Amino acid sequence: QVKLYQPEANSVKWRFLLRFLGVESTLLRNKKELTQSLLHDQPGLIIFDRALLGEAFSAIESNCMQWMERDGGIALTGPAGHWPIADSFLARVTDISERDPFTINALLQRFVPTYSRQHPRLETRLPGLYERAAGNSQICQIMNLSPGGAFIRTTEALPLHGEELRVNVPLLGLHKEIELS
């Protein structure tokens, strides 16, 4: 979610600080990687070295503006100076040259979600009852739920991909149940 477009020497310090704040980061080494990241990864925040941004911005300007319209944030490091970003996007640009952990943490909270927007997963420990097509019912524990499925702990092997499986999750406090199939 956080990308670094920094000289190699600076990236080590930034990666250490971001890891300390609980965020993994990826170093973008050239304009091609930066463009690919803007188009495909859609990071929440990119930390640019001001000098590198100046030389790369003309090549990535349209992709950068589209990415910023989708709620991406830019942080600038390095000596103060002019940056070639349109005035309408300056609200999303923050100067973090001093590496203040509180400012950086506020930026992370603003631009980087604590969960993946693409693959949300809910950690649970719910009791459940699963039933195979043959009619066998077993007690299970639902460990994770996501739009793509669920991770279920059982005492026996779960069926293969082709077999129908239904899981009932009792919501004890609400006197209702959820059925997944």
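Residues numbered from 1 in each chain as written. Predicted model: local features only at pLDDT ≥ 70, side-chain atom pairs only at ≥ 80, totals over all residues. Heavy atoms only, no water.

Q: Hey, could you go over the overall build of the chain for me, with residue numbers and the actual values?
A: Along the chain, the regular secondary structure elements total four helices and 10 strands. Listing the helices and strands of the chain from first to last along the sequence gives β-α-β-α-β-α-β-β-α-β-β-β-β-β. With 181 residues in all, the chain has 36% of them scored as buried. Counting only contacts in the chain whose residues sit at least 6 apart along the sequence, the fraction spanning at least 24 positions is 52%. Summed over all atoms, the accessible surface of the chain reaches about 11200 Å², with 53% contributed by carbon and sulfur. (Helix = DSSP H or I, 4+ residues; strand = E, 2+ residues; numbered from the N terminus. Buried < 20%, exposed > 50% of the residue type's maximum accessible area, 1.4 Å probe, protein only. Contact = heavy atoms within 4.5 Å. Areas by Shrake-Rupley, 256 points an atom, 1.4 Å probe, with all protein chains shown as cover.)

Q: Explain the environment of threonine 94 to me, and be specific about the residues and the numbers.
A: Inspection of the secondary structure assignment puts threonine 94 in strand β5 (residues 93-95). Not counting residues within four places of it along the chain, the set of residues in contact with threonine 94 comprises Ile74, Ala75, Leu76, Thr103 and Leu107.

Q: Just give me the short version of the side chain of serine 11, but keep the residues and values in it.
A: Following the sequence through the fold, serine 11 ends up in helix α1 (residues 8-20). Residue classification places serine 11 among the buried residues on the basis of a relative accessible area of 2%. In contact with serine 11, not counting residues within four places along its chain, are Leu4, Gln6 and Leu27.

Q: Lay out the pairing of strand β6 (residues 122-132) in plain terms, naming residues and giving numbers.
A: Direction of pairing for β6 relative to strand β7 (residues 137-146): antiparallel, over a ladder of eight bridges. Residue pairing for β7: leucine 122 is matched across the bridge by leucine 145. Following β6, the chain reverses through four residues before pairing antiparallel with β7; glycine 135 in that reversal takes a positive phi of roughly 100 degrees. (Pairing = 2+ DSSP bridges.)

Q: Which residues make up the nonpolar core, and what are the values?
A: Within the largest apolar cluster, 16 residues are counted, with the highest numbers of intra-cluster contacts made by Val2, Leu45, Ile47 and Leu108. Breaking this core down by element, the ones donating at least two residues are β1 (2-5), α1, β3 (45-49) and α4 (101-111). Counting residues per element, this core draws most heavily on α4, which supplies four residues. If sequence neighbours within four positions are ignored, leucine 108 has contacts with Val2, Leu18, Leu21, Val23 and Leu45. Of all hydrophobic cores here, the second largest spans 14 residues; its members include Leu38, Cys64, Ile74 and Leu76. (Core = buried A, V, L, I, M, F, W, Y, C linked by side-chain atoms within 4.5 Å.)

Q: So, the confidence of the model for the chain: which residues are in play, and what are the values?
A: In this model, the chain carries a mean pLDDT of 77, and residues with pLDDT of at least 70 account for 82%. Looking at the elements of the chain, mean pLDDT is at its lowest for helix α3 (residues 50-69), recorded as 70, and at its highest for strand β2 (residues 25-27), recorded as 88. (pLDDT = per-residue confidence, 0-100.)

Q: With reference to specific residues and values, describe the sheet that holds strand β10 (residues 176-180).
A: One open sheet holds the five strands; their spatial order is β8-β7-β6-β9-β10, and the pairing between them is antiparallel. Every other strand in the sheet has two partners, leaving β8 (149-153) and β10 as the edge strands with one partner each. Direction aside, neighbouring strands of the sheet carry axes that sit 40 degrees apart on average. (Axes fitted to C-alpha atoms, helices over the stretch in contact; angles between N-to-C directions.)

Q: Can you break down the sheet that holds β5 residue by residue, with the values?
A: Spatially, β2-β1-β3-β4-β5 is the arrangement adopted by the five strands of the open sheet, whose pairing is parallel. Unpaired on one side and paired on the other, β2 and β5 mark the two borders of the sheet. For this sheet the average axis-to-axis angle between neighbouring strands, irrespective of direction, equals 25 degrees. Sheet topology note: the β1/β2 ladder contains three bridges and is parallel.

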